[in-house]
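For reference, the chains in residue letters:
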Amino acid sequence: MIKKIMMFAVAFALVACEGEDLSKVNKPNGGGNTPTGENRNANDARTQREYGRLEFPRLKSGANRVLLHATTNGVLNFAIEWNDTKKAQRWSCYQLFKSNMMKNTDRYKSDSNQYPVDPLLPKTLWFTSDPYSRTGYDHGHICPSADRLNSAEANYQTFYITNMQPQVHGFNAGVWQNMENKVREIASRNGYSFCDTLYICKGGTIDKPEQVLKTVGKGLIVPKYFFMALLRVKNGVYNAMGFWIEHKASADKRLAKYAVSIKELEEKTGIDFFCNLPDNIENTVENAAVNNTFWGLD
């Protein structure tokens, strides 16, 4: 099974490099249907249709590449922006909606290959062995395993090393997990009636030296901060908010204190979130103050 998955992923990578039109990849509940209107900062989606999806932030040039992880049925599972020079990811982005939140499998587990090398990343750009070994840091999922229990293949892909950031265990199993639980609760609230689709972009800070905690082991960058950007759509109405949190052990469940507007999150990270929205909608959702009651935050 794993060999088949790997063979498909490699084939997908080759197709992507040739500029294949990937427009047939999933568009659930309006998930790929970008509203129309003037947009001066959208990604160039002429060679990769996926770059125009709403969960994608503005892509960064230079040493960065986008890894599009699709399952064998042609559905985009999640995407990663990877920095070749730093050997670290800038973010993972993906969607949550009713059908991909159904639990059809258990969490992937292997005694010999728990954190596979990403088949879309040339091995010349990766470490020769697991860089997390003996560092004391968890393999912190960015697209969580618990968000991809709809199929064994989708879940397996979340364990790629490229979808990881080093996290202190008390953070990974504490407040970060609490945030991830809250994101799933938002996406499925009131029997999935609160959202048609929830668009998500998450990561740890690697771009600015002052936002890097340290470098350990074989050059593994430990972010000083982690972030989440959420865009909710319901019947064509858009709302957005972000989380910004320092990377330290905490079991905090009162998450309102970490909530920020998308505009503030962009200023902190230097990332242009939800750039594929028309400018008028993007400006509105970016500048909106976080309504804790609306989002269900304490």
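Our subject is the structure listed above.
The shown structure was predicted, so the numbers you read here are calculated from the model rather than taken from an experiment.

> So, the overall build of the chain: which residues are in play, and what are the values?
Helices and strands together make up the secondary structure of the chain, namely six helices and 11 strands. The burial tally for the chain puts 55% of its 298 residues in the buried class. Taking as baseline every contact in the chain between residues at least 6 positions apart, the subset at least 24 positions apart corresponds to 69%. Accessible surface computed for the chain: about 13,100 Å², of which carbon and sulfur atoms make up 49%.

> Quick rundown of unusual backbone geometry? Include the residues and the values.
Although it is not a glycine, Asn 235 adopts a positive phi angle of roughly 55°. Position of Asn 235 relative to the elements: it lies in the loop between strand E9 (225–234) and strand E10 (237–246). Accessibility expressed as a relative area gives 64% for Asn 235, which makes it exposed. In this structure, Phe 274 takes a positive phi of about 50° despite not being glycine. Inspection of the secondary structure assignment puts Phe 274 in the loop between helix H4 (262–269) and helix H5 (279–287).

> Talk me through H5; I want residue IDs and the actual numbers.
Turning to H5, its buried residues number three or more, namely Asp 279, Glu 282, Val 285 and Glu 286. Seen end-on, H5 carries its buried residues on one side only, within an arc spanning 140°. Counted as exposed and oriented over 90 degrees from the buried face of H5: Asn 280 and Thr 284. Summarising the contacts, the buried residues of H5 are in contact with E10 and H4.

> Any details on the packing of H4 against H5? Residues and values, ideally.
Viewed as axis vectors pointing N to C, H4 and H5 meet at an angle of 85°, and their least axial separation amounts to 6 Å. When the axes of H4 and H5 are compared, the pair comes out roughly perpendicular. Two secondary-structure elements touch here, H4 through Ile 262, Lys 263 and Glu 266 and H5 through Val 285, Glu 286 and Asn 287. Class assignment of the residues belonging to the contact of H4 with H5 gives a composition of two nonpolar, one polar and three charged.

> Can you tell me about the environment of Ala 88, naming the residues and giving the values?
Counting through the fold element by element, Ala 88 comes out in strand E3 (residues 88–96). According to the relative accessible area criterion, Ala 88 is buried, its value standing at 5%. In this structure, the C-alpha to C-alpha distance between Ala 88 and Leu 220, residues 132 residues apart in sequence, is 7.5 Å. Not counting residues up to four positions away in its chain, the partners in contact with Ala 88 are Glu 81, Trp 82, Asn 83, Ile 206 and Ile 221.

> Describe in detail the sheet that holds E10, supporting the description with residues and values.
Pairing within the open sheet is antiparallel, and its seven strands lie in the order E1-E2-E3-E6-E9-E10-E11. Of all the strands in the sheet, just strand E1 (64–70) and strand E11 (259–260) have a single pairing partner and so form its edges. In this fold helix H3 (residues 169–192) packs onto E3, strand E6 (197–204), E9 and E10, with an angle of close to 10° to the strand it touches most, E9.

> Explain the pattern of salt bridges to me, and be specific about the residues and the numbers.
A full pass over the atoms with the stated rule returns 16 salt bridges. The residue Lys 248 makes a salt bridge to Glu 246 at a minimum N-O spacing of 3.9 Å. Among the residues examined, Glu 246 registers a relative accessible area of 35% and is labelled partly exposed. Residues joined in a network through salt bridges with shared partners are Glu 50, Arg 53 and Glu 55.

> Please provide a residue-by-residue account of the nonpolar core, values included.
If you look at the biggest cluster of nonpolar residues, it comprises 48 residues, and the most contacted ones within it are Leu 96, Met 179, Leu 198, Leu 230, Phe 243 and Leu 297. Breaking this core down by element, the ones donating at least two residues are strand E2 (76–83), E3, H3, E6, strand E8 (220–223), E9 and E10. In terms of residues, this core owes the most to one element, H3, which gives seven residues. Excluding its chain neighbours within four sequence positions, the residues that come into contact with Leu 96 are Met 101, Asp 147, Arg 148, Val 183, Arg 184, Ala 187, Thr 197, Leu 198 and Ile 200. Ranked by size, the runner-up nonpolar core spans 27 residues in total, among them Leu 68, Ala 79, Trp 91 and Trp 244.

> Requested: an account of the environment of Met 179, with residues and values cited.
Summarising the element assignment, Met 179 is placed in helix H3. The sequence separation of Met 179 and Tyr 258 amounts to 79 residues, and the corresponding C-alpha distance is 9.7 Å.

> Explain the pairing of E9 to me, and be specific about the residues and the numbers.
Across the 10 residues that make up E9, a large majority, nine, are buried. Across eight bridges, the pairing between E6 and E9 is antiparallel. Paired with Gly 204 across the bridge in E9 is Phe 226. Note: E9 against E10, 10 bridges, orientation antiparallel. Bridged to Val 233 within E10 is Tyr 238. Between E9 and E10, which pair antiparallel in sequence order, lie two residues; one of them, Asn 235, sits at a positive phi of approximately 55°.

Each value, and the rule that gives it
Residues numbered from 1 in each chain as written. Predicted model: local features only at pLDDT ≥ 70, side-chain atom pairs only at ≥ 80, totals over all residues. Heavy atoms only, no water. Helix = DSSP H or I, 4+ residues; strand = E, 2+ residues; numbered from the N terminus. Buried < 20%, exposed > 50% of the residue type's maximum accessible area, 1.4 Å probe, protein only. Contact = heavy atoms within 4.5 Å. Areas by Shrake-Rupley, 256 points an atom, 1.4 Å probe, with all protein chains shown as cover. Arc of directions from axis to C-beta. Axes fitted to C-alpha atoms, helices over the stretch in contact; angles between N-to-C directions. Parallel < 35°, antiparallel > 145°, perpendicular 65-115°, else oblique. Nonpolar A, V, L, I, M, F, W, Y, C, P; charged D, E, K, R; others polar. Pairing = 2+ DSSP bridges. Salt bridge = Lys/Arg side-chain N within 4 Å of Asp/Glu carboxyl O. Core = buried A, V, L, I, M, F, W, Y, C linked by side-chain atoms within 4.5 Å.

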